[in-house]
Every structure is written in structure tokens, then in C-alpha cells.
Amino acid sequence: MLCWRSSGLEGWRRWQRCRRTLWYMPPMSSGSTWQRDVSHCPPTATVYCNRKMSSLQRQLSLWRETWRERANSSLRPAAGFCHRTLCQHSSESADPIEIHKKKLALWFSHIPQEEKQFGGYFIPETMHVDPLILEREPWERHGLLLAPPPQNQGPDSECLTAEQLFESTQEWSRQERGLNVLLYGAVGTGKSTVVRKLVLDWCAGTALTQFKLLVPFSCEDLAQLTKSASLRSLVTRKYLHLRGVPLLSGEGDQAREVLFLFNGMEKMKLDFRIGSTELCSDPNETLSSGAVVVNLLRKYLLPEASILVTTRLSALDRIPEKYVGRYAQICGFDDPGRQLAYFTSRLLLQSNESPHDRQAEALVELLYLNLQRKSQLAAACFLPSYCWLTCATLHFLHFTDARAPIRTLTGIFTSFLRLNFGGEVLGTGVGAGVPSQEQPTSLMLYVVRTVGKLAQDGVMNKRTSFSEKELEQWVGGKTKTDEELRQLAMFQTDVLNFFLVPCAKSGEGFSGGAIGAEEDADERRWVFAVPAMQEYLAALYVVLGENKSALEKLTKQVSVAIGQASEDVNTVITILSKFIPLRIFAVFNLLKLFPKLYERISSRNQGSIARTLAAEMFRTEDSFNEDVLDQVEQSLLGVHGPQPKQHDERQPFELYPIFMGGLLHYGNRVVLEQLGCSIKSTTVAQITSALRKYLVREMGKPQPPEELMDLLVLLYEFQNPRLTAEVLSSMRTIHLMKVRMTPLKCFVLSSVLSCAPVSYHLEELDLSDCHLTQDLLEMLQPSFRHTHNLNLQFNSLGPESCVLLRDMLLEPKSTIRSLQLCDNPLLESGARTLFEALPKNQSLRHLSLMHTGLGDQGARELARTLKLHTGLQELNVAYNNIGDNAALALVDACREHPSIHTVHLYLNSLSDVGKQSLYVRGVPSDHAGSGRRVKVLASVTEGSDLSEDWHPILSVIRENASTWDRQRLRQQLQVFLRDLEWGRQQQPSLWKRLHFHRVEKGVRQTLRMLERDSLP
């Protein structure tokens, strides 16, 4: 509400007089020229004044400026009300077209749930890459529609943009009618993305500027309408702000500036027969939604309006050729350049931090190299949908953030299927006059029963390629009725080629005896576009229980029928028994036993699913392959450098059991329910109960590091804290040495260990040689709370990482007893930070700082802080360039320490005198010769005797010679030989001299290995 002062009333009266003049203005002749200008009309005038003379327009313009100046100077807000000018209300709120643009921009800018799972990492406005759009002649639409265009397609000028599709052809311009454009393409080629970008560009005023109004419709939405409506009421129902817009009135040629957009025409059943759909030219006449669309395409209704229709390949013939002015095929990303542009916009342009930028650049380069090799990935990325799946998987593998929403690999594949097939049913593609099924089958369920069955057969027989005969056998081989044949034809045209593509190279993918005879060598083979999709569909096929035999399916149907009938029979028998007391009626109670018996049989079937999962998870031949996450990465980026070791020539399917576990997660089951694939909670409970005992039993056996990583991924994909805690109760050690840890693997390990109870503790967590950095260490920090012995040696932990290690040791509930940090560049500064935790930590018993760049100052600082820590028992500071004085100070501090019994000081810069002094300092002065309180390991000799630990010292040198400074090692080995020769000369016993000679031989052998550069 506005409160107007008296000084502004005169202007309001002038406006009322102007409005009445416009209202009573006589109609102009049909030959007069009118101009519309909505922006200069107040709200009431906009309703009544659709056309104005130029002189009146100038008059209103002049009045508007006068009124604006007067309103700004005279109007003041009253107490309790907000100040708002009438001019502002007129210009911003009255124009329905501007309101329409703003609301369309908001609606089409909405980020789908599949994109929100990345935590806002992707910005849709910067991710659009135009797919290839080619104009086709009517006779070309029945040609090869699914394959990419040939390389000699022609110059780039022949490629069209969505805006160029509405350049009027000569025929349609001569008839002064709007243009009907049919844009078609296979599933996943980017039709919906092109439509979305087109609408947003129109709202921003950068495309289709010749149209003042764009009205988009979803054909899936229109197909659900049961109530008849006129065109104008249909538009008003979807866009209330367009009520009364004169562009849709049908008067004159105003509709020439209107563009209707119908997305997904294959989801509507249009009948262009006049006997079935009456002709109509009145936009206010009530018709069915299909009849409205048909009359728009016929050009009986608003003939001046242009129409854009998008559809799949199976629905091309739904619209007769005479009603289509231009055919255009959307061909996806036909060349690596477009694919690279998409990957760059997704992976590179979205990262904000410089480390992620460098990592994203490396990923894009590897992707491009793999695409240039004409690999199977290049054939799959012809479809933009698979480009999305590739980027989503790589983002999951490399940019997992603990602060982002939890994502799983199974969840990404499930979301991918919802993006492409969400809510779709298996239609027949027939007109309204042909009867269809009363309860249509879910399209995704049909995919599982056909393509999933093919995938499961390939997994069981270790095959990745299939012949055309096998496709006919598994996909629609048992169709009988005409309805089933129509469904199969639609499925093969639209969906089958989305999952299966021709093999990229002849002879690839033939494994496990795929070719049975020489004459089949040249047969065309089919593979899954993405190898992981075969394992996903096979897992879904098994979890849904579709792999039952015909007898099991018949037994289920009989059980359901008997269960329903038994209730009615028992009711009748109960009534009869009241009047006729015969014991024979008790026999009918046996009917109740049949459903219970089937439930037991069904539970045994769910147990077989758990056995299959466990058997595939712990296959002996897959024990030494790369872990499953590395295999997924290699399938996308290719293998650069030495090929990974394969102990079995057949294709490994290690994702198959992991997908089986991931599909049981509640979040994935909800999405699958939307796709028409229901997994009951009772089925999940039965599988989980059976799976628990298999996993607990297998974890009692030692597992290779790669297999153990796969098990952690399975537990993470399962997202079942109770099952994870029970499996962890049987695990006391986790050895992941030499597993290349990534942010995802670190997050998986932390997430799995976070499910353990507070009382649970690991005896040892071995993360040696896992390429750990400070960022990865931060992600792993929560998992260290359950660990007694933590091995972090041979990683890339610098001085900054010591802050995290210090805070970890300072935690009140820290249980770490052994901390091994060998071969990490901690340096003196990092060591000082780490030593700050020693005074307040009482759990640490063994500390290894070998080859960490400690130096003399670090050794002295350690000696100073040792007296503040009373629990340490063993200290390893070997190979740290420590001199005599610093080493002596450290040994003196260890001798005064109440519990330290061993100090490692070998491979340091110690003189012969210093070594002798260290040996003497380690022996208490009051018990000389009776034993050592502190064992000092400074060389392979202790004085004139051999050290008891000479063999571990040589073993450490051999294990680390490939990474340590070889010149330095040669010098130390020469020193060892000199010490051994001197000690051997001091021995009177022949037996001891022979022992010295044996040790000397081992040192010389190690020295020769270094010189030949042929370490074992």
C-alpha cells in the first residue's frame, strides 16, 4: 500500500484522464500500422492497450518523464509504510515477458541432485560445450543414426548451432508460416542440455532474439495430463504470469514472435489422423494436450508460431514429414577436441586452488592422450553422458574432500542411470488407437533383465566382448507377442546402443575363449561402452534376484497365489467347522505352511548371493592385481609406462562384488526405486546376515595389501556401520604397504575405521611407501586414534606434517606406542616440532627417525627433551649425519633415561674414536663388562667384537639402497670392511675369525650389488 501526499494527486488525475482516453479510443482500420511497446504502459493500460499510434507513444513517454520527476520530488513515505514509486512498479512488475524470462532463468538454472553431490564444485554456466549438430535431409533420417559422423563430413561451417536452426527456409518463408524444427538424437547425445542452454541464452538476450516469447513444455508432463484444456489455458497452467499475453491470442501475425519448445516427443502418443484428432485453429478451444500439440504442428493453430521438437530415434516417424520444415541430428562429441573442451571445463576450470589446478591439468593431459589412441574411452565419450560419467568418476577418485557430501562409486553409476532413464517406462511407440499395456514396465528394469543378463553371463565366463548372436540370445530372444516385438524394436533403437558399442579395435576384448572358431575371427564384436558398466549391471541383475531359475520363479508365483487363497479358504473352513465338526477340515491348515516354506527357500537364495559376493571378492587369481580403484583409474586414463602385473590372462572383474555391496546401501536403493528397480529391506537384511560370517571368516586370513584395500572399499560402498564394526572386530592389523594412497583411499580408510567402537584398537597400521603427503596425512588423522603401532616410513612427509603428528601425540586418548617415520624429509625444524609432544605424551615406546635429516642440532634437541618423557624404550636415529659430540650427548641422555634400552646410530658421520666412546658410554661404569644398560648400534662391530645386530643393519641398507645416496652407502660399507678387518685381526679364536669373515663376505656382496646397480 502507498500513502500519497496531496501534492501528487494532480499527477494521478492526469493519468486517469489519459487512461480513459485510451479506453474510449475508436478502433483503427485493419490497414493501419500499429506498434507495441509494453515497457511504456502502466499496468492497467497494458491490459486494454495492445496497439498505440506513434504520436500517442511520444505523448505517453513525455508524460512518463514528467510524472517520474514529480513523483520523486513530491512523494514521501508515510509512517509504517515503505516508499515505492508507481513508475518502478509499472516497469518491473507489469511486463509478463520479463517476468517469464526471470522465472525461466531460475527454473533452468536449477542444479540437479546429481550435480549437488559434488559439493558445489561444478558451475553449470561454465560447463557447456556445444555438441555437433548437422542438418539432415528427410531421406537421411533413416540412415546410420547412431554412429559418429565420418571424418570427411565437411568443413566446420556445415555444423549448426541451435539458433541457426530457425533461419527460415525458402519454402516456409514463402508460406509465411513459422518453422517446425525436429532435433533428434540417440540417448545421451545432449538434447536436454542443448535445450537448457538455448532457454538460458534466450532469457539472457544472447540467442533467438527474433522471438519475444519462448514457451518450453516437457512432453512427459503433457502426457500425464488427463483433463482437456485449450492452448492458452495450457500455457497459463504452466506459466501463470503469461495469462492474457496478446502474443497467444491468434490475432494478426503476433504469433510470429513466439517459439514453442517440446522436449522429449517420444514420451507422447501423437495421432495426426484427422479421424482421430480434429482440426482446431482457436487457441481458446478445449482439447486434449496431444490434440493441441498436433494442431500446432499442423499449423492450424497459431500457424505463424515456430516450434522446436526434440525426440529420440525411435519416434522420428511420429511426426509426418510434411509437417517438419527442418531435420537436425545432434551427434554428440564427434572428435577429441570437443571431448577435451568438456573435460577441461569440468576438471580444470572449476578448481580454485593451485595444487588442484596442477593435478587437474595432469588429468586432462592423460585423458587427451588416451582419447588420441582411439581407445574404447574415445568411442564411449562420443556420447556427452559418458563424458559426464568419466568426469564424475575422476572427480571422485582425485578430488574427494572430507568436508563434501559422502559419495560412492556405486552412487555415481546409479545417479548416472537416473539422469538418463529416470522415471521412464518401456513404451511401444504406437498411436493412441493401438492398445498398450495397462501397467507399463520400467525401462531400467527391462535393461536389467536383458542387458544385465548379458553382462552377468560375461562376468561369470570372464568375457568382455559379445557377438551379435549372443546379443540376440540374451536381448529379446524369447519375444512372442506383437507388443513385445514393438517394445524390443524401440529398445534396440534407443537404449541398446547406449550401453553396447562396437569394439574399438578388431581383436581387442576377446578373452576367456570368446572366439570359438577361426571363421568367427572377423565377426563384429560388441563391448560395453564403459567396462565398469558391465560389472554394475551384472551386480544389479543378481541383487534384484533376476538370476533365478524358471522353477524358482514358478515357485514364487505359486507361493503368492496359495498364500492369498489360503486366507479365504481358512475363513470358509472356520465357518463350516462351526456347523459340521469334522476333523478333515484341519488338513486345510497345511496351506499355511507353503508360504513359510518358500520364505526359507528364498532366504537360502539370498545366502547364495552373499556367497557369490564373498567368492568373487576373495578370488586367489586376483590377489596380486592392482587395487580396484587403480584399475578404474587406468581404464579411464590408460596405462602410461610399465604395464601392471597380471597373474591371470583373463579380464578381472573386481568391481562386480563391490557394486553388489554398494547396491544394498539405502541411498542407492531409493534411487533404484525411482527407476522401477525395487530391492526390499528383507532381502538386504538376509544378504547382510549371510555376508557377515563370510567376511569375518576371510579376514581371519592374511590378505595382500591390494586385496585388503578392496575390502575397505567394499565396506565403504556398503555404508553399513554395524556390519563394518563387526568385520573390523576380526581385524587386528592393516597392512597397506606400497599401495598408492590417494585422497579417496585415505577417506575410505578413515570412514571405515570411524565405524569401530571406542574400545577397538589396531595392533598395527602399516602405511609405508604409500606416497603420503601432508594433505593425505590430515585426512588419515582420525584413523590413527585406533592404532598402537603406526608405520609411516618411506613417504613424503615434510616439516609441516610434524605439526599434525605432534597434535596426534598430544591427544589425551592417544594410544600410539610405536611411530616409524624413516625416510621422510622432516629435517631439524620438523623434528623440533615433533619433540614438543614428548613431555606430555606417555604412550610412545618406540620412535624411529632414521634418514629424516635430523643433524647435530636435532640430536641435541632430542637429548634435551628425552628426560621429560619416561616411557620411551627404543630410539632409531640412524643415517642422520650426526657427529661424535651430538651422538655422545644423545647416548648420555639415553643412559640417564629410566626405560630406553636401544639406540640406533649406524650410518652417521662417526669416527672410530667416536664409535668406541659410544660403546663405552653404553656400559654402566659400576657394572663394567657385566652387561649393557643401553645398547648402542653404531656399526656392525662393537669394539673388537661383532655386533649382535649386524644382520639387521645390512638388511636395512639393502632394502633402502635404491632410494638412498649410493656414494654415501659405499663409503659406509668401506668403513664397515675396515672395522671388520681390524676386529678379525684382534681375535685369537679361529671360530670368531671365521665368523668375522662371513660377515665381511656379506658386506662385500652388498657393495658389489651397489656397484653393479642390480639390487634384488
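In this report, we go over the structure that sits alongside the text.

Calculation rules
- Residues numbered from 1 in each chain as written.
- Predicted model: local features only at pLDDT ≥ 70, side-chain atom pairs only at ≥ 80, totals over all residues.
- Heavy atoms only, no water.
- Helix = DSSP H or I, 4+ residues; strand = E, 2+ residues; numbered from the N terminus.
- Contact = heavy atoms within 4.5 Å.
- Core = buried A, V, L, I, M, F, W, Y, C linked by side-chain atoms within 4.5 Å.
- Buried < 20%, exposed > 50% of the residue type's maximum accessible area, 1.4 Å probe, protein only.
- Lys, Arg positive; Asp, Glu negative; His and termini not counted.
- Salt bridge = Lys/Arg side-chain N within 4 Å of Asp/Glu carboxyl O.
- Polar contact = N/O pair within 3.5 Å; in protein donor to acceptor, adjacent residues only side chain to side chain.
- Pairing = 2+ DSSP bridges.
- Axes fitted to C-alpha atoms, helices over the stretch in contact; angles between N-to-C directions.
- Parallel < 35°, antiparallel > 145°, perpendicular 65-115°, else oblique.
- Nonpolar A, V, L, I, M, F, W, Y, C, P; charged D, E, K, R; others polar.
- Phe/Tyr/Trp six-rings, centres within 6.5 Å; stacked < 30°, edge-to-face > 60°.
- Lys NZ or Arg CZ within 6 Å of the ring centre and 35° of its normal.
- Patch = residues over 30% accessible without salt bridge, like charges linked within 9 Å, V, L, I, M, F, W, Y side chains within 5 Å.
- Areas by Shrake-Rupley, 256 points an atom, 1.4 Å probe, with all protein chains shown as cover.

1. A word on the environment of Leu663
By secondary structure assignment, the location of Leu663 is in the loop between helix H24 (655–662) and helix H25 (666–674). Placed 252 residues apart in sequence, Leu663 and Gly411 show a C-alpha to C-alpha distance of 8.2 Å. Among residues more than four places away in sequence, those in contact with Leu663 are Thr410, Thr414, Tyr536, Ala539, Leu540, Val543, Asn668, Arg669, Leu672 and Ile679.

2. Remarks on the nonpolar core
Formed by 183 residues in total, the largest nonpolar core has its most connected members in Phe499, Met533, Leu792 and Leu905. What Leu792 contacts, discounting residues up to four positions off in sequence, is Leu767, Leu772, Leu777, Phe784, Leu797, Leu805, Leu819, Gln820, Leu821 and Asn824. Among the nonpolar cores identified, the runner-up in size contains 67 residues, and Phe166, Phe211, Leu222 and Leu296 belong to it.

3. Some points on the side chain of Arg298
By secondary structure assignment, the location of Arg298 is in helix H11 (residues 289–298). Although Arg298 lies buried, it forms no salt bridge, and the closest oppositely charged side chain, Asp271, sits 6.6 Å away as judged by the N-O distance. A distance of 3.1 Å separates a polar side-chain atom of Arg298 from the backbone oxygen of Thr277. Among all residues touching Arg298, those that are not within four sequence positions of it are Arg177, Asp271, Phe272, Arg273, Ile274, Thr277, Glu278, Leu279 and Tyr323.

4. Quick notes on the pattern of salt bridges
Per the counting criterion, the structure on display carries 28 salt bridges. Close ionic contact of Glu266 with Arg312 constitutes a salt bridge, the shortest N to O distance being 3.7 Å. Placement of Glu266 in the loop between strand S4 (258–263) and H11 and of Arg312 in the loop between strand S5 (306–311) and strand S6 (326–330) is noted, with a sequence separation of 46 residues between them. Judged on exposure class, the residue Glu266 and its partner Arg312 are both buried. Arg806 is the salt-bridge partner of Asp807, the closest N and O atoms lying 3.3 Å from each other. Under the relative-accessibility criterion, Asp807 is labelled partly exposed at 32%.

5. A closer look at the sheet that holds strand S9 (residues 525–528)
With antiparallel pairing, the three strands of this open sheet are ordered in space as S7-S9-S8. Each edge of the open sheet carries a strand with a single partner, namely strand S7 (465–467) and strand S8 (500–502). When the angles between neighbouring strand axes are averaged without regard to direction, this sheet yields 40°. Relative to S9, S7 is paired through three bridges, and the arrangement is antiparallel. Looking at S9, one finds that Phe466 is bridged to Trp526.

6. Details of the packing of helix H16 (residues 409–421) against H24
Remark: H16 packs on H24, axes separated minimally by 9 Å, with the N-to-C direction vectors making an angle of 75°. Taken as axis vectors, H16 and H24 run roughly perpendicular relative to one another. On H24, the residues that touch Leu409, Thr410 and Phe413 of H16 are Leu655, Ile658, Phe659 and Gly662. Its residues assigned to classes, the contact of H16 with H24 shows five nonpolar, two polar and no charged.

7. Some points on the packing of aromatic side chains
All chains considered together, the criterion is met by 21 aromatic pairs. Residues Tyr342 and Phe343 carry aromatic rings whose centres are separated by 6.3 Å and whose planes lie at 75° to one another, so their mutual orientation is edge-to-face. Plain terms: the ring middles of Tyr536 and Phe659 are 5.4 Å apart, the flat faces sit at 85° to each other, and that makes the pair edge-to-face. Separated by 123 residues along the polypeptide, Tyr536 in helix H20 (residues 531–543) and Phe659 in helix H24 bring together distant segments of the chain. The exposure class assigned to Tyr536 is buried, which follows from its relative accessible area of 0%. Above the face of the Trp202 ring, Lys101 is positioned so that its terminal group lies 5.1 Å from the ring centre.

8. Concerning a nonpolar patch on the surface
On the surface, a nonpolar cluster with roughly 300 Å² of combined accessible area is contributed by Ile274, Leu279 and Tyr300. With respect to the helices and strands, Ile274 occurs in the loop between S4 and H11. A residue is classified by how much of its surface remains accessible, and Ile274, at 60% relative accessible area, is exposed.

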